[in-house]
Amino acid sequence: MWCLYALSKRPDLQTRLREELLSVPTDTPTMDELQALPFLDAVVRETLRVHPAVPATSRVAKKDDIIP
C-alpha cells in the first residue's frame, strides 16, 4: 500500500517502473525474471526503508547477565 502511495506522488518514477515491468516478455514472470529488474528492487527496498513492516522492536531480558 505504501509503495502505491509513494508512486502516486512521483509519476515520473511510476512511469519508469512501468516501463521496466513491461520489458518482461511474459505476463507471469519467474522469480529470476523479477530479480533481474533493478529499479523494481530499488523501489521495494526504499519503500521498506521509509515504511518498515515492523517500526520498532522491544526486547526484555529474561534474566540478568554480566557482559565481560
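Residues numbered from 1 in each chain as written. Predicted model: local features only at pLDDT ≥ 70, side-chain atom pairs only at ≥ 80, totals over all residues. Heavy atoms only, no water.

1. Concerning the overall build of the protein chain
Part 1: Of regular secondary structure, the protein chain possesses four helices and zero strands.
Part 2: Taken from N to C terminus, the helices and strands of the protein chain fall in the order α-α-α-α.
Part 3: Expected size for 68 residues packed as a compact globule is a radius of gyration near 11 Å; at 19 Å, the protein chain overshoots this value by more than 25%.
Part 4: Projecting the C-alpha coordinates of the protein chain onto the three principal axes gives extents of approximately 60 × 30 × 20 Å.
Part 5: Expressed as a percentage of the 68 residues in the protein chain, the buried residues total 12%.
Part 6: Surface exposure of the protein chain reaches about 6,400 Å², of which carbon and sulfur atoms provide 59%.
Part 7: A gap of 9 Å separates the mean positions of the 9 positive and 10 negative side-chain charges of the protein chain. (Helix = DSSP H or I, 4+ residues; strand = E, 2+ residues; numbered from the N terminus. Rg over C-alpha atoms; globule rule 2.2 N^0.38 Å. Buried < 20%, exposed > 50% of the residue type's maximum accessible area, 1.4 Å probe, protein only. Areas by Shrake-Rupley, 256 points an atom, 1.4 Å probe, with all protein chains shown as cover. Lys, Arg positive; Asp, Glu negative; His and termini not counted. Charge placed at Lys NZ, Arg CZ, Asp CG, Glu CD.)

2. What to know about the pattern of salt bridges
Part 1: The final tally for this structure, using the stated rule, is three salt bridges.
Part 2: As a salt-bridge pair, Arg-45 and Asp-41 come within 3.0 Å of each other at their nearest N and O atoms. One end of the pair is Arg-45 and the other is Asp-41, both in helix α4 (residues 38-50) and four residues apart, which spans about a single turn.
Part 3: Classification of Arg-45 by relative accessible area gives exposed; the value is 57%.
Part 4: Here Asp-41 falls in the partly exposed class, since its relative accessible area comes to 36%. (Salt bridge = Lys/Arg side-chain N within 4 Å of Asp/Glu carboxyl O.)

None of the figures reported here should be taken as evidence of function without further support.
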